[in-house]
Amino acid sequence: MGKAAAIRLAEAGANIVLVDLNKETGQQLADELSKKHSGQKFIFKAVDVTDANAVEECVNSASSEFGSVTGLICSAGIAIPSLRLHEVNLKQFQKTMDVNFNGTMLFNMMVLRHFMKQNASGVTPPKGGYTIVNIGSKGSVEGLPSSGAYTASKHGVLGLTRVAAKEYAADNIRINCLCPGLIWSDMMKQLNESGKVEMSKEYLLRQCYTRRYGTVEEMANIMNFLMSDQSSYITGQAIEADGMWAI
(Lines give C-alpha, C1' and ligand atoms only; values in the text may rest on other atoms or scores of the structure.)
Protein backbone atom coordinates (compact mmCIF):
# COMPACT_ATOMS: atom_id res chain seq x y z
CA MET A 1 0.00 0.00 0.00
CA GLY A 2 2.91 2.33 0.75
CA LYS A 3 4.39 1.68 -2.70
CA ALA A 4 1.09 2.52 -4.38
CA ALA A 5 0.89 5.74 -2.35
CA ALA A 6 4.41 6.74 -3.39
CA ILE A 7 3.60 6.16 -7.05
CA ARG A 8 0.40 8.22 -6.82
CA LEU A 9 2.02 11.09 -4.92
CA ALA A 10 4.88 11.13 -7.40
CA GLU A 11 2.34 11.55 -10.18
CA ALA A 12 0.97 14.53 -8.25
CA GLY A 13 4.42 16.15 -8.22
CA ALA A 14 5.69 15.32 -4.73
CA ASN A 15 9.29 14.93 -3.62
CA ILE A 16 9.38 11.84 -1.41
CA VAL A 17 11.52 10.08 1.16
CA LEU A 18 10.66 6.38 0.90
CA VAL A 19 11.04 4.36 4.09
CA ASP A 20 11.21 0.58 4.40
CA LEU A 21 13.26 -2.19 5.98
CA ASN A 22 13.88 -3.86 2.62
CA LYS A 23 16.82 -1.99 1.11
CA GLU A 24 16.67 -3.67 -2.28
CA THR A 25 13.00 -3.07 -3.09
CA GLY A 26 13.02 0.38 -1.48
CA GLN A 27 15.98 1.62 -3.50
CA GLN A 28 14.57 0.04 -6.65
CA LEU A 29 11.34 2.01 -6.25
CA ALA A 30 13.26 5.24 -5.62
CA ASP A 31 15.30 4.63 -8.78
CA GLU A 32 12.20 3.87 -10.85
CA LEU A 33 10.42 7.02 -9.67
CA SER A 34 13.51 9.16 -10.25
CA LYS A 35 13.75 7.90 -13.81
CA LYS A 36 10.07 8.51 -14.53
CA HIS A 37 9.82 11.91 -12.79
CA SER A 38 13.15 13.54 -13.56
CA GLY A 39 12.28 16.93 -12.09
CA GLN A 40 11.50 15.53 -8.65
CA LYS A 41 13.54 14.00 -5.81
CA PHE A 42 13.10 10.49 -4.45
CA ILE A 43 15.30 9.26 -1.63
CA PHE A 44 15.23 5.87 0.03
CA LYS A 45 15.98 5.33 3.72
CA ALA A 46 16.19 1.90 5.33
CA VAL A 47 14.59 2.49 8.73
CA ASP A 48 13.31 0.32 11.55
CA VAL A 49 10.16 2.23 12.52
CA THR A 50 10.46 0.98 16.10
CA ASP A 51 13.88 2.63 16.55
CA ALA A 52 13.35 6.19 17.83
CA ASN A 53 16.86 7.33 16.92
CA ALA A 54 16.56 5.96 13.38
CA VAL A 55 13.17 7.62 12.90
CA GLU A 56 14.49 10.96 14.16
CA GLU A 57 17.52 10.75 11.85
CA CYS A 58 15.27 9.93 8.90
CA VAL A 59 13.01 12.93 9.46
CA ASN A 60 15.97 15.25 10.07
CA SER A 61 17.54 14.00 6.85
CA ALA A 62 14.35 14.65 4.90
CA SER A 63 14.20 18.19 6.24
CA SER A 64 17.85 18.84 5.32
CA GLU A 65 17.45 17.38 1.84
CA PHE A 66 14.22 19.15 0.91
CA GLY A 67 14.46 22.27 3.08
CA SER A 68 11.28 21.42 4.97
CA VAL A 69 8.87 18.58 5.71
CA THR A 70 5.28 19.09 4.56
CA GLY A 71 3.56 15.73 4.93
CA LEU A 72 3.73 12.19 6.26
CA ILE A 73 2.05 8.89 5.44
CA CYS A 74 2.48 6.16 8.06
CA SER A 75 1.75 2.84 6.38
CA ALA A 76 4.11 0.36 8.08
CA GLY A 77 2.18 -2.54 9.54
CA ILE A 78 2.22 -6.25 10.32
CA ALA A 79 -0.37 -8.85 11.31
CA ILE A 80 0.41 -12.00 13.25
CA PRO A 81 -1.32 -15.29 12.30
CA SER A 82 -5.03 -15.48 13.10
CA LEU A 83 -5.15 -16.43 16.76
CA ARG A 84 -7.52 -15.98 19.67
CA LEU A 85 -6.09 -13.86 22.45
CA HIS A 86 -5.16 -16.72 24.78
CA GLU A 87 -3.10 -18.30 21.96
CA VAL A 88 -0.96 -15.21 21.32
CA ASN A 89 2.40 -15.09 23.07
CA LEU A 90 3.66 -11.84 24.55
CA LYS A 91 6.49 -11.52 22.03
CA GLN A 92 4.04 -11.65 19.10
CA PHE A 93 1.74 -9.13 20.76
CA GLN A 94 4.57 -6.72 21.56
CA LYS A 95 6.04 -6.86 18.06
CA THR A 96 2.64 -6.01 16.56
CA MET A 97 2.24 -3.07 18.93
CA ASP A 98 5.82 -1.89 18.31
CA VAL A 99 5.46 -1.77 14.53
CA ASN A 100 1.82 -0.77 14.09
CA PHE A 101 1.36 1.66 16.98
CA ASN A 102 4.76 2.71 18.32
CA GLY A 103 6.18 3.14 14.83
CA THR A 104 3.28 5.39 13.87
CA MET A 105 3.61 7.34 17.12
CA LEU A 106 7.35 7.88 16.63
CA PHE A 107 7.03 9.17 13.08
CA ASN A 108 4.10 11.42 14.05
CA MET A 109 6.08 12.82 16.98
CA MET A 110 9.23 13.56 14.97
CA VAL A 111 7.38 15.07 12.01
CA LEU A 112 5.18 17.20 14.25
CA ARG A 113 8.32 18.65 15.86
CA HIS A 114 9.46 19.77 12.40
CA PHE A 115 6.04 21.20 11.54
CA MET A 116 6.06 23.26 14.75
CA LYS A 117 9.65 24.37 14.21
CA GLN A 118 8.78 25.47 10.68
CA ASN A 119 5.75 27.38 11.96
CA ALA A 120 7.90 29.14 14.56
CA SER A 121 10.54 30.11 11.98
CA GLY A 122 8.01 31.53 9.51
CA VAL A 123 8.23 28.84 6.83
CA THR A 124 5.21 29.10 4.52
CA PRO A 125 3.16 25.90 4.82
CA PRO A 126 1.39 24.21 1.89
CA LYS A 127 -1.93 25.74 0.83
CA GLY A 128 -3.93 23.05 2.64
CA GLY A 129 -1.67 23.02 5.69
CA TYR A 130 0.79 20.41 6.86
CA THR A 131 -0.67 16.92 6.65
CA ILE A 132 -0.33 13.49 8.23
CA VAL A 133 -2.19 10.38 7.08
CA ASN A 134 -1.97 7.43 9.45
CA ILE A 135 -3.01 4.08 8.07
CA GLY A 136 -5.44 2.37 10.38
CA SER A 137 -7.75 -0.48 9.46
CA LYS A 138 -11.25 -1.79 9.80
CA GLY A 139 -9.67 -2.95 13.04
CA SER A 140 -9.44 0.71 14.12
CA VAL A 141 -13.23 0.97 14.38
CA GLU A 142 -14.37 -2.63 14.91
CA GLY A 143 -13.22 -5.65 16.89
CA LEU A 144 -11.72 -8.16 14.45
CA PRO A 145 -12.12 -11.71 15.83
CA SER A 146 -8.86 -13.67 16.13
CA SER A 147 -6.89 -10.45 15.65
CA GLY A 148 -6.61 -9.05 19.16
CA ALA A 149 -3.08 -7.67 18.89
CA TYR A 150 -3.68 -6.17 15.45
CA THR A 151 -7.01 -4.65 16.49
CA ALA A 152 -5.51 -3.17 19.66
CA SER A 153 -2.67 -1.59 17.69
CA LYS A 154 -4.99 -0.13 15.05
CA HIS A 155 -7.43 1.22 17.65
CA GLY A 156 -4.38 2.96 19.09
CA VAL A 157 -3.51 4.50 15.71
CA LEU A 158 -6.98 6.00 15.38
CA GLY A 159 -6.95 7.26 18.98
CA LEU A 160 -3.56 8.88 18.44
CA THR A 161 -4.83 10.48 15.23
CA ARG A 162 -7.89 11.99 16.90
CA VAL A 163 -5.94 13.40 19.85
CA ALA A 164 -3.18 14.86 17.67
CA ALA A 165 -5.69 16.37 15.23
CA LYS A 166 -7.27 18.31 18.09
CA GLU A 167 -3.93 19.34 19.58
CA TYR A 168 -2.54 20.73 16.32
CA ALA A 169 -5.59 21.96 14.38
CA ALA A 170 -4.86 25.57 15.33
CA ASP A 171 -1.30 25.17 14.01
CA ASN A 172 -2.46 24.54 10.43
CA ILE A 173 -1.73 20.82 10.74
CA ARG A 174 -4.24 18.22 9.60
CA ILE A 175 -4.10 14.59 10.73
CA ASN A 176 -6.42 11.86 9.47
CA CYS A 177 -6.64 8.09 9.66
CA LEU A 178 -7.40 6.00 6.59
CA CYS A 179 -9.16 2.80 7.66
CA PRO A 180 -9.08 0.29 4.79
CA GLY A 181 -11.19 -2.84 4.76
CA LEU A 182 -10.49 -5.84 2.55
CA ILE A 183 -7.62 -4.62 0.39
CA TRP A 184 -5.73 -6.98 -1.90
CA SER A 185 -2.32 -6.19 -0.42
CA ASP A 186 0.71 -8.33 0.41
CA MET A 187 -0.51 -8.59 4.01
CA MET A 188 -3.95 -9.78 2.91
CA LYS A 189 -2.43 -12.38 0.58
CA GLN A 190 -0.41 -13.77 3.49
CA LEU A 191 -3.50 -13.94 5.72
CA ASN A 192 -5.50 -15.68 2.97
CA GLU A 193 -2.77 -18.32 2.77
CA SER A 194 -2.69 -18.92 6.54
CA GLY A 195 -5.06 -21.89 6.31
CA LYS A 196 -7.55 -20.36 8.72
CA VAL A 197 -11.13 -20.52 7.42
CA GLU A 198 -11.96 -17.08 8.85
CA MET A 199 -9.06 -15.60 6.85
CA SER A 200 -9.92 -17.28 3.54
CA LYS A 201 -10.81 -15.14 0.55
CA GLU A 202 -14.22 -16.77 0.13
CA TYR A 203 -15.19 -16.36 3.79
CA LEU A 204 -14.19 -12.71 3.95
CA LEU A 205 -15.87 -11.71 0.69
CA ARG A 206 -19.19 -13.12 1.91
CA GLN A 207 -19.11 -10.40 4.60
CA CYS A 208 -18.47 -7.59 2.10
CA TYR A 209 -21.48 -6.07 0.36
CA THR A 210 -19.50 -5.09 -2.75
CA ARG A 211 -18.27 -8.70 -2.99
CA ARG A 212 -14.76 -7.69 -3.97
CA TYR A 213 -11.44 -6.67 -2.52
CA GLY A 214 -10.36 -3.05 -2.77
CA THR A 215 -7.08 -2.28 -4.50
CA VAL A 216 -3.98 -0.54 -3.20
CA GLU A 217 -4.41 1.96 -6.02
CA GLU A 218 -7.85 2.93 -4.69
CA MET A 219 -6.32 3.51 -1.26
CA ALA A 220 -3.49 5.53 -2.82
CA ASN A 221 -6.02 7.84 -4.47
CA ILE A 222 -7.61 8.51 -1.08
CA MET A 223 -4.21 9.17 0.49
CA ASN A 224 -3.35 11.59 -2.29
CA PHE A 225 -6.63 13.43 -1.67
CA LEU A 226 -6.00 13.63 2.08
CA MET A 227 -2.48 14.93 1.48
CA SER A 228 -3.69 17.62 -0.93
CA ASP A 229 -5.30 21.01 -0.38
CA GLN A 230 -8.53 19.54 -1.77
CA SER A 231 -9.10 18.10 1.72
CA SER A 232 -8.12 21.28 3.56
CA TYR A 233 -11.17 21.19 5.89
CA ILE A 234 -10.82 17.51 6.83
CA THR A 235 -8.96 16.59 10.00
CA GLY A 236 -9.29 14.13 12.87
CA GLN A 237 -11.34 11.73 10.76
CA ALA A 238 -11.47 7.98 10.36
CA ILE A 239 -11.89 7.55 6.61
CA GLU A 240 -13.46 4.11 6.24
CA ALA A 241 -12.80 2.66 2.79
CA ASP A 242 -14.12 -0.85 3.24
CA GLY A 243 -16.65 -1.65 0.49
CA MET A 244 -19.30 -2.05 3.20
CA TRP A 245 -17.48 -4.86 4.98
CA ALA A 246 -19.89 -5.87 7.76
CA ILE A 247 -18.22 -7.73 10.62
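Because the structure is predicted, anything quoted here is derived from the model rather than measured.

Novice: So what exactly am I meant to see when it comes to the environment of Ala30 here?
Specialist: Structurally, the position occupied by Ala30 is in helix 2 (residues 23–36). For Ala30, a relative accessible area of 1% puts it in the buried group. Ala30 sits 87 residues away from Lys117 along the chain, and the two C-alpha atoms are 28 Å apart. Once residues within four sequence positions are removed from consideration, Ala30 is found in contact with Leu18, Phe42 and Phe44.

Novice: Mind showing me how you'd approach the sheet that holds strand 4 (residues 130–135) here?
Specialist: Spatial strand order, 3-4-5-6: four strands in an open sheet with parallel pairing. Of all strands in the sheet, those bounded by a partner on one side alone are strand 3 (71–74) and strand 6 (238–241). Recorded for the sheet is a direction-independent mean angle of 15° between the axes of neighbouring strands. Direction of pairing for strand 4 relative to strand 5 (residues 173–180): parallel, over a ladder of six bridges. Note that in strand 5 the partner of Tyr130 across the bridge is Ile173. Contacting strand 3, strand 4 and strand 5, helix 4 (residues 90–120) runs over the sheet at an angle of about 175° to strand 4.

Novice: When you look at the packing of aromatic side chains in this model, what are you seeing that I'm missing?
Specialist: The geometry of an aromatic ring pair comes down to the distance between the two centres and the angle between the two planes. Using the criterion set out here, one finds two aromatic pairs in the structure. Centroid distance Phe115 to Tyr130: 4.6 Å. Interplanar angle 10°. Geometry classified as stacked. Of this pair, Phe115 sits in helix 4 while Tyr130 sits in strand 4; the two residues are 15 residues apart in sequence, bridging distant segments of the chain. Judged by relative accessible area, which is 1%, Tyr130 ranks as buried. Taken together, a centroid distance of 5.0 Å and an interplanar angle of 65° make the contact between Trp184 and Tyr213 edge-to-face.

Novice: Would you explain the nonpolar core in this entry?
Specialist: A general trend in soluble globular proteins is that nonpolar side chains are found buried together. Counting 23 residues, the largest nonpolar core has Phe107, Val111, Leu112, Phe115, Ile132, Ile173 and Ile175 as the members making the most contacts within it. No other element matches the seven residues that helix 4 contributes to this core. When sequence neighbours within four positions are dropped, the list of residues in contact with Ile175 reads Asn108, Leu112, Ile132, Asn134, Thr161, Ala164, Ala165, Tyr168, Thr235, Gly236 and Gln237. Membership of the second largest hydrophobic core comes to 12 residues, among which are Ala4, Met223, Leu226 and Ala241.

Novice: What exactly am I supposed to notice about the pairing of strand 1 (residues 16–20) here?
Specialist: Regular strands place side chains that alternate from one sheet face to the opposite one. Across five bridges, the pairing between strand 1 and strand 2 (residues 42–46) is parallel. In the strand pairing of strand 2, Val19 is matched with Lys45. For the handedness criterion, the β-α-β arrangement of strand 1, helix 2 and strand 2 is classed as right-handed.

Novice: Is there a simple way to explain helix 8 (residues 216–227) in this structure?
Specialist: A turn of α-helix holds 3.6 residues, and therefore any two residues three or four places apart point the same way. A rise of 1.5 Å per residue sets the reference length of helix 8, with its 12 residues, at 16 Å; its end C-alpha atoms lie 16 Å apart and thus fit the reference within 8%. Residues Val216, Met219, Ala220, Met223, Asn224 and Leu226 constitute the buried set of helix 8. In an axial view of helix 8, the angular spread of the buried residues amounts to 160°, which keeps them on one side of the axis. On the buried face of helix 8, the contacting elements are helix 1 (2–11), strand 3, strand 4, strand 5 and strand 6.

Novice: Help me understand the side chain of Arg174 in this model?
Specialist: Tracing the chain through its elements places Arg174 in strand 5. It is Asp229 that comes nearest to the buried, bridge-free Arg174 among opposite-charge side chains, at 7.6 Å. Within the structure, the side chain of Arg174 is placed 2.7 Å from the backbone oxygen of Ser231, a separation counted as a polar contact.

Novice: It is not clear to me how the side chain of Ser153 should be interpreted in this structure. Could you clarify?
Specialist: Take Ser153: it is sitting in helix 5 (residues 148–168). You can call Ser153 buried: its relative accessible area is 0%. Engagement of the side chain of Ser153 in a polar contact is seen with the backbone oxygen of Tyr150, the distance being 2.7 Å. Those residues in contact with Ser153 that lie beyond four places of it in its chain are Thr96, Met97, Asn100 and Phe101.

About the cut-offs
- Residues numbered from 1 in each chain as written.
- Predicted model: local features only at pLDDT ≥ 70, side-chain atom pairs only at ≥ 80, totals over all residues.
- Heavy atoms only, no water.
- Helix = DSSP H or I, 4+ residues; strand = E, 2+ residues; numbered from the N terminus.
- Buried < 20%, exposed > 50% of the residue type's maximum accessible area, 1.4 Å probe, protein only.
- Contact = heavy atoms within 4.5 Å.
- Pairing = 2+ DSSP bridges.
- Axes fitted to C-alpha atoms, helices over the stretch in contact; angles between N-to-C directions.
- Phe/Tyr/Trp six-rings, centres within 6.5 Å; stacked < 30°, edge-to-face > 60°.
- Core = buried A, V, L, I, M, F, W, Y, C linked by side-chain atoms within 4.5 Å.
- Right-handed = clockwise from strand over helix to strand, strands pointing away.
- Expected span 1.5 Å × (residues − 1).
- Arc of directions from axis to C-beta.
- Lys, Arg positive; Asp, Glu negative; His and termini not counted.
- Salt bridge = Lys/Arg side-chain N within 4 Å of Asp/Glu carboxyl O.
- Polar contact = N/O pair within 3.5 Å; in protein donor to acceptor, adjacent residues only side chain to side chain.

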